[in-house]
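# Analysis of the macromolecular model
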Amino acid sequence: MRELAKAYDPHKSEDAIYKNWECKGYFRGKTNPSKKPYSIVIPPPNITGILHMGHALNDTIQDILVRFNRMKGFETEWMPGTDHAGIATQNVVEKKLAKEGIKRQDLGRDKFIDEIWRWRKDYGSTIIRQLKKLGCSCDWDRTRFTMDEGLSEAVLEVFVRLYKKGLIYRGNYIINWCPRCQTALSDEESQHKDVDGLLYHIKYPVKGSKEFIVVATTRPETMLGDVAIAVNPKDKRYKDLKDKTLLLPILNRELKIIYDPLVDMKFGTGALKVTPAHDPVDFGLGQKYNLEQINVMNEDATINSIGGDYEGMDRLEAREAIITDLKDRGLFIKSEAHRHAVGHCYRCHTMVEPRLSPQWFVKMKPLAEPAIAAVNEGRIKFYPERWTKVYLDWMNNIRDWCISRQIWWGHRIPVYYCKDCGEVMVLKLPPVKCSKCGLQNIEQDPDVLDTWFSSWLWPFSTFGWPKESPELKYFYPTNSLVTAQEIIFFWVARMIMAGMEFMRDIPFKDVYIHGTVRDITGTKMSKSLGNVIDPLDMIKKYGTDALRFSIVSITSQGQDVFLSENKFELGRNFANKLWNASRFILMNLKEEEIAVDLCVFFKESELALPERWILSRLYSNLNDVERCLGEYKFNEAANIIYEFIWHEFCDWYIEIAKSTITEKSVQVVLYKVLEKSLRMLHPFMPFITEEIWQKLPRKNDAADDSIMIQPWPHVQKDIISNKAEGDMKCVINIITAIRNIRSVWNIPPSREMSALINVHGKKDEEFLNENMEMIKRLSRLSSLEAGKKSKPKNSAVSVVVTFEVYVPLEGVIDFDKERARLKKEEERISSEIKSIAARLKNRHFTSKAPEDVIEKQKARKADLELQIKKIKDNLRNIG
RNA sequence: GGGCACUUAGCUCAGUUGGUUAGAGCGUUGCGUUCACAUCGCAGAGGUCAGAGGUUCGACCCCUCUAGUGCCCACCA
């Protein structure tokens, strides 16, 4: 009646299904006072971004949460959007222009920014299309961009507020400078990488003497800016230098000697050259001892005019040249291998140069305090929990945040200077005239803000803040934030601070930190390494659901995932399995039979064991899946569903049902289990479940339009039955035992085989007789009898708890082999009995272990003893 | 220098109030298939849970140490 194709083809329907959801407005979150809200804000991907496996994992997890909670009856909002990604985007567009031979300076600021907006129009929503391909049920009508009008207003508002509060200041400090991007970076944007470098030992002559002291440095080029030498006051080696002056080699600048306990006597020679304009430690010493700051480099890290002969050289070139010159003058002693951590630009990986320059900063300590409290008080929880400590350690040692960037793409700093009187004005809107002198000669600060200065407002700016919109009121605070560990400091911590400061409330309740997607060797996937597995390729090859299901089921909570392409077969095969099971059921379903309420039906019908069993398993598993989703254990949830659908429902129940499929009870159970399984699976595999669900016979009203707006199945606790599950397990064991005998003795399925089962007691006999047909059919027996039986000659035997299964094997059986088989079984059981017996004899065990554990052990022992007795009997009369 | 994670079957990985016989996928061995599915079915083989010590009646699980691997943070130039 309702035909499905023989194999599942994801490409035929995914796009149409998605379009339908979107058109019907099912992704839309409304402010609905009669429902409870559930909201998530997406970690906004960069507009330069293209979908990679990290996104695939991150956004699949969010979609699972959103779809699950939508089905659970929450008013659901998944807020999507993109990040303008200041430096990254500017770099991309600069590169594009470079191909046409154009520099951004040729265009000028305004035209260059126009160029980026144009680029964004053409390419900036690629990632959004790809997220749709992934099946994400984001509320696209609300899609935000960190540079759109509303969010820009939020940024200005925040800047002005923090400035007025004294939490934003401008200062001349050592910051991380990327000479390639030619901008300041925050501490987080400078990534430390171990580098094999050299530690150079250089002589610094003592003025007016033949003496010298030796200084060790990794960056000799910065010596051009040296103003002092520092030693530890406890260092006896340098005691006598107190009143002397040193000479800077080559430039012959006079250098002071300062004594400071900060200097490590054990490192190098114990003498530190002090270059306040080029090193953070030296900067600090410079402040303390009021030293001159001599900047010897240009913005591109070439040496400036102070560097004399070295002017114009790149920093590394200058390093070589200086070493050569020092050698010529006999001032070079040696260089030794030295491995140390060097900061690199997180965008272009150029070595960062510590540089003295005027920048804007946010004072973080006051912002951090409430954010620390929110986590300490448990109002925000991290999953896995260990990230709490990482967060708190960072927050407790937080340093001020450098927020100004010397680039053009971004939120321009709302600070205006009067060129006449020097007044500084911090305002959301540009002033017409100077507030102090009244003249109109006003200039805006040329810098823009760090990209993260807009991202940290994301959980409320996207809902309309600073306006008090109904959405903000309804959906804030959000429920879960799903992200990767790399951006805990960049983003998560700062969002918490911003939330506490501007909303006076946490931005989200749970933070789920998932692992990093790596290649099979454990290396992080990156385009430049060429080790990426492209999710879109995988979608083409295996289908979206396969991608989603596979990546989720192989990623355990918070662990990194090592990916290889063949892992996607798991999801594809599972989809096909489900498809074919559905196909089979639909082929056999009589519509008029199934329109019943399952609970009523269950109460009023005498269901047979397999039906009672599969329903019990359905609800047991459903219960577990819900629990796992609540604990962010997505792989466990996925695996439970996989195991249930494939191995319990398909392998056992459907196989059993084949012979009884025309009966009403079987029809009902097949349909109900399939239908509820589809719902349970829908958050993980939205497309195939929708497609099959659309083929199911059902009412045709609007509420019945799509599986994604159906309620999550309710766990019917009274249908869960330990007895049914235990009984069925016993039947399965008997069938498996007989199949095993067939396999061991190499009896092809085509060959007839019969069996006898020896039972003790009426109850067992009744139980077997009730399930006789099922056992017979699934073990391919021509005849099966149960009762008080003795073993026929030439039989193989298998003991299943209290049952002895005899399979006559005239002409096939080899008694030595059978004896060996039983012996092996006997050994296994007797060794287990031994260990249980020892345990039960142990007084400490019986006195200390809980009652139920002891009872279980006793029962187990009794079972095993019964089994071994039967095996021994059979061993005795083999033949 | 500080911190975190990992080490379980040939491979990739699951495994929490500590309690029978440690699981899965892939691979592998044997058998099978017109009758939902070879993207399949049935039955197997395969593990001293990194090593050492400790706590406990009982440890893959808790504690200590060791070894190896990976990651994060850090102003030893």
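Residues numbered from 1 in each chain as written. Chains lettered and ligands numbered in written order. Predicted model: local features only at pLDDT ≥ 70, side-chain atom pairs only at ≥ 80, totals over all residues. Heavy atoms only, no water.

Counting its regular elements, chain A contains 29 helices and 29 strands. Along the three orthogonal principal directions, the C-alpha set of chain A runs to about 115 × 65 × 55 Å. Split into buried and exposed, the 879 residues of chain A put 56% on the buried side. Counting every atom, chain A has about 39,600 Å² of accessible surface; 49% of that belongs to carbon and sulfur. Counting 132 positive and 122 negative side-chain charges, chain A places the averaged centre of each group 3 Å from the other. (Helix = DSSP H or I, 4+ residues; strand = E, 2+ residues; numbered from the N terminus. Buried < 20%, exposed > 50% of the residue type's maximum accessible area, 1.4 Å probe, protein only. Areas by Shrake-Rupley, 256 points an atom, 1.4 Å probe, with all protein chains shown as cover. Lys, Arg positive; Asp, Glu negative; His and termini not counted. Charge placed at Lys NZ, Arg CZ, Asp CG, Glu CD.)

We now examine helix 26 (residues 762-778). Helix length check: helix 26, at 17 residues, gives a terminal C-alpha distance of 24 Å against a target of 24 Å (1.5 Å per residue), a fit within 8%. At Asn771, helix 26 shows its maximal kink, close to 60°. Lining the buried residues of helix 26 we find helix 21 (609-630), helix 22 (634-657), helix 25 (722-744), strand 26 (754-758), strand 27 (783-787) and strand 29 (803-808). Downstream of helix 26 by one or two residues, Arg780 has phi in the positive range, about 50°. (Expected span 1.5 Å × (residues − 1). Bend = angle between axes of the 7 residues up to and from the residue. Contact = heavy atoms within 4.5 Å.)

Let us look at the pairing of strand 28 (residues 795-800). Counting buried positions over the six residues of strand 28 gives six, a clear majority of the element. Across the two faces of strand 28 the burial is the same, with Ser795, Val797 and Val799 and Ala796, Ser798 and Val800 all buried. Sheet analysis places strand 28 next to strand 29, joined by six bridges and oriented antiparallel. Within the sheet, the bridge partner assigned to Val799 lies in strand 29 and is Glu804. (Pairing = 2+ DSSP bridges.)

A word on the side chain of Asn621. Tracing the backbone shows Asn621 in helix 21. Exposure remark for Asn621: the relative accessible area of 6% places this residue in the buried category. A distance of 2.9 Å separates the side chain of Asn621 from the backbone oxygen of Arg617, its partner in a polar contact. (Polar contact = N/O pair within 3.5 Å; in protein donor to acceptor, adjacent residues only side chain to side chain.)

Attention shifts here to the sheet that holds strand 22 (residues 478-484). Backbone-to-backbone hydrogen bonds pair the strands of a sheet. The strands run either parallel or antiparallel. Here we have three strands laid out as an open sheet, ordered 15-23-22, and parallel in their pairing. Strand pairing shows two members of the sheet lacking a second neighbour, strand 15 (381-383) and strand 22, which therefore form its edges. Neighbour to neighbour, the strand axes of the sheet diverge by 20° on average, direction disregarded. Pairing between strand 22 and strand 23 (residues 508-514): six bridges, direction parallel. Opposite Thr483, over in strand 23, you have Ile513 as the bridge partner. Relative to strand 22, helix 15 (residues 488-503) is tilted by about 165°, and along the sheet it contacts strand 15, strand 22 and strand 23. (Axes fitted to C-alpha atoms, helices over the stretch in contact; angles between N-to-C directions.)

Here the focus is the pattern of salt bridges. Across all of its chains, the model carries 58 salt bridges by this definition. The closest approach of N and O atoms between Arg319 and Glu221, which form a salt bridge, is 2.8 Å. Of this pair, Arg319 sits in helix 9 (residues 315-328) while Glu221 sits in the loop between strand 8 (212-217) and strand 9 (228-231); the two residues are 98 residues apart in sequence, bridging distant segments of the chain. Taking the relative accessible area as the measure of exposure, Arg319 reaches 15% and is therefore buried. For Glu631, the salt bridge identified is with Lys633, shortest N-O distance 3.5 Å. In this structure Lys633 comes out as partly exposed when scored by relative accessible area, which is 26%. A cluster of three or more residues bridged by salt bridges with shared partners is formed by Arg28, Glu77, Asp139, Asp141, Arg142 and Glu471. (Salt bridge = Lys/Arg side-chain N within 4 Å of Asp/Glu carboxyl O.)

The antiparallel open sheet is built from three strands, whose spatial order is 19-18-20. Single-partner strands in this sheet number two, and they are strand 19 (424-426) and strand 20 (442-444). Recorded for the sheet is a direction-independent mean angle of 30° between the axes of neighbouring strands. Where strand 18 (residues 415-418) lies against strand 19, three bridges are found, and the strand directions are antiparallel. Bridging across to strand 19, Tyr417 finds its partner in Val424.

Before going further, it helps to examine the protein's contact with RNA strand B. Near RNA strand B there are 57 residues, and of these Asp264, Lys567, Trp646, Lys848 and Arg860 occur at the shortest range. Between Gln485 and RNA strand B, the recorded distance is 3.4 Å, taken from a side-chain N or O atom to a sugar or linking oxygen. Take Lys567: an N or O atom from its side chain is 2.2 Å from a sugar or linking oxygen of RNA strand B. With ten residues, the top contributor of residues to the surface near RNA strand B is helix 18 (residues 569-588). In terms of residue class, the surface near RNA strand B is made up of 20 nonpolar, 19 polar and 18 charged. (Near = heavy atom within 4 Å. Nonpolar A, V, L, I, M, F, W, Y, C, P; charged D, E, K, R; others polar.)

As a further point, take the packing of helix 18 against helix 22. As a packed pair, helix 18 and helix 22 sit with axes 11 Å apart at the nearest point and diverge in direction by 40°. For the element pair helix 18 / helix 22, the angle class is oblique. Handedness of the helix 18/helix 22 crossing: left-handed. Judged by residue contacts, Leu570, Asn573, Phe574, Lys577, Leu578, Ala581, Phe584 and Ile585 of helix 18 engage Ile641, Tyr642, Ile645, Trp646, Phe649, Cys650, Asp651 and Ile654 from helix 22. (Parallel < 35°, antiparallel > 145°, perpendicular 65-115°, else oblique. Left-handed = near helix turned anticlockwise from the far one by under 90°.)

You can see Asp83 is positioned in the loop between strand 3 (81-82) and helix 3 (86-99). Of the buried charged residues, Asp83 lacks a salt bridge, with Arg347 as the closest side chain of opposite charge at 7.2 Å. At a separation of 2.9 Å, a polar atom in the side chain of Asp83 contacts the side chain of Ser455. Apart from the residues lying within four places of it in its own chain, the contact partners of Asp83 are Pro44, Pro45, Asn46, Ile47, Phe145, Thr146, Thr451 and Ser455.

Moving on, we come to the environment of Ile213. Here Ile213 is to be found in strand 8. Along the backbone, Ile213 and Pro459 are 246 residues apart, and their C-alpha atoms lie at a distance of 57 Å.

With that settled, consider the packing of helix 3 against helix 5 (residues 109-123). Running from N to C, helix 3 and helix 5 cross one another at 100°; their axes reach a closest spacing of 10 Å. Taken together, the axes of helix 3 and helix 5 are roughly perpendicular relative to one another. Each of Thr89, Gln90, Val92, Val93, Glu94, Lys96 and Leu97 in helix 3 lies in contact with helix 5, whose residues at this interface are Phe112, Glu115, Ile116 and Trp119. Per-class residue counts for the contact of helix 3 with helix 5 are six nonpolar, two polar and three charged.

All right, on to the packing of aromatic side chains then. Under the counting rule described, the total for this entry stands at 46 aromatic pairs. Considering the side-chain rings of Tyr169 and Tyr173, the 6.3 Å spacing of their centres and the 80° angle between planes classify their relative orientation as edge-to-face. On the accessibility criterion, Tyr169 (22% relative accessible area) is partly exposed. Exposure remark for Tyr173: the relative accessible area of 33% places this residue in the partly exposed category. (Phe/Tyr/Trp six-rings, centres within 6.5 Å; stacked < 30°, edge-to-face > 60°.)

Okay, the confidence of the model for chain A next. Per-residue confidence for chain A averages 92 on the pLDDT scale, and 99% of its residues sit at or above 70. Both scores are available for the predicted complex, with the pTM at 0.95 and the ipTM at 0.96. (pLDDT = per-residue confidence, 0-100.)

Counting 204 residues, the largest nonpolar core has Met53, Phe159, Met395, Phe453, Trp456, Phe684 and Ile734 as the members making the most contacts within it. Broken down by element, the residue count for this core peaks at 16 residues, all from helix 22. Leu224, Ala228, Leu255 and Leu331 belong to the second largest nonpolar core, which has 40 residues in total. (Core = buried A, V, L, I, M, F, W, Y, C linked by side-chain atoms within 4.5 Å.)

So, about the state of the cysteines. Working definition of a disulfide: a covalent bond connecting the sulfur atoms of two cysteines. Inspection of every chain in the model, using the stated rule, returns zero disulfides. The thiol of Cys348 is not disulfide-bonded; the next cysteine sulfur, from Cys178, is found 3.5 Å away. (Disulfide = S-S within 2.5 Å.)

Right, let's get into the environment of Leu134. For Leu134, the position within the fold is in the loop between helix 6 (126-133) and strand 4 (144-145). Considering only alpha carbons, one finds Leu134 and Ile539, 405 residues apart in sequence, at a separation of 8.2 Å. Those residues in contact with Leu134 that sit more than four places away from it in its chain are His55, Ala56, Asp59, Thr60, Ile539, Thr544, Leu547, Arg548 and Phe687.

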